Amino acid sequence: VNPKQIAAEHAVTLIKDGMSVGLGSGTTAAYAIPAVARRIETEGLRLRCVATSKASAHLAHANGIKLSSWDSIETLDITIDGADEIDPEFRIIKGGGGALVREKLVATVTADEVIVVHSAKLTEALGAFPVPVAVVPFGWPSTRRRLAEKFGCEVSIRRDASGDAFTSDDGMHILDMAFGAPLPRLDTIENEIRSVVGVVEVGLFFGLCHHLVVAHSDGSVEVKAAPK
Ligand code: A5P
């Protein structure tokens, strides 16, 4: 079995009856969804679930999970999601799958955000993975240029398989900012990027992760609580 699957299934054991649950996006979070469905089926758990992407919603439906409308949810007890890079302070780069806007909306109201990653995604200093930035499609080349000029790094438009600009579930394009490690000015960089006109959301999740479930290649799983 894939180590990511073992870790995602471990994360699902943290869910308790009666909880409201966020279902994350990406290949790791995808392993959690059938495991949630199995617990509903075998243990009769009563859960209210919401998905962070259309792909996760589709997978949830395919596994027989009935989803609640996001508009009816004010807070969530637990969310299980993936990440692209995470540092020792649990600061995260996320959005490699393009679902960062919904993922951040969900993480922001989640009491226990559980991030599941392969150990290869742990890093001492963020920035090797480009920072995904969701932007309004209108005038994206201008937004790209202004970001590149302001931050002095390469900024590229994410493309889909047919070569068109990738469009997210919320109709945004994604610009990937290749800062390189270490990411500068960790205290302010997120707001600096967000203040650029045209930017909707930044794939930096700082202070949002409460538990980390690490998948090791040998199949072992480590659960860590966020540093105080
Ligand atoms: C989706 O937009 C992302 O934030 C994913 O959570 C992230 O890219 C991790 O994906 P994998 O679990 O597929 O590596």
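Definitions and cut-offs
- Residues numbered from 1 in each chain as written.
- Predicted model: local features only at pLDDT ≥ 70, side-chain atom pairs only at ≥ 80, totals over all residues.
- Heavy atoms only, no water.
- Axes fitted to C-alpha atoms, helices over the stretch in contact; angles between N-to-C directions.
- Helix = DSSP H or I, 4+ residues; strand = E, 2+ residues; numbered from the N terminus.
- Parallel < 35°, antiparallel > 145°, perpendicular 65-115°, else oblique.
- Left-handed = near helix turned anticlockwise from the far one by under 90°.
- Contact = heavy atoms within 4.5 Å.
- Nonpolar A, V, L, I, M, F, W, Y, C, P; charged D, E, K, R; others polar.
- Pairing = 2+ DSSP bridges.

A. Representation of the packing of helix H1 (residues 3–12) against helix H2 (residues 27–43). At a closest axis distance of 8 Å, the pairing of H1 and H2 adopts a crossing angle of 45°. As the angle between them shows, H1 and H2 are arranged oblique. H1 and H2 meet at a crossing whose hand is right-handed. Residues Lys-4, Gln-5, Ala-8, Glu-9 and Val-12 of H1 lie in contact with H2, whose contacting residues are Thr-27, Thr-28, Tyr-31, Ala-32, Ala-35, Val-36, Arg-38 and Arg-39. Class assignment for the residues of the contact of H1 with H2 results in six nonpolar, three polar and four charged.

B. Looking closely at the sheet that holds strand E12 (residues 211–215). Ordered by their spatial adjacency, six strands build an open sheet running E2-E1-E3-E6-E12-E13, and the pairing between neighbours is mixed. In this open sheet, the two edge strands, each paired with only one partner strand, are strand E2 (48–51) and strand E13 (221–225). Taking the axes of each pair of neighbouring strands and ignoring which way they run, one obtains an average angle of 20° across the sheet. In this sheet, E2 lies alongside strand E1 (residues 20–23) in parallel orientation, the contact comprising four bridges. Looking at E2, one finds that Gly-22 is bridged to Val-50. Lying over the sheet, H2 contacts E1, strand E3 (76–81) and strand E6 (110–118), oriented at roughly 125° with respect to E3.

C. Region of interest: the sheet that holds strand E8 (residues 154–157). With antiparallel pairing, four strands are arranged side by side in an open sheet as E8-E9-E7-E10. If you trace the sheet from one side to the other, it starts and ends with E8 and strand E10 (199–202), each paired once. Between one strand and the next, the sheet's axes are offset by a mean angle of 30°, whatever the strand orientation. Taken together, the five bridges between strand E7 (residues 131–135) and strand E9 (residues 173–178) define a ladder with antiparallel strand orientation. Bridging from a neighbouring strand, Ala-134 pairs with Ile-174 of E9. Against the sheet, helix H4 (residues 100–108) engages E7, E9 and E10, with an angle of about 60° to E10.

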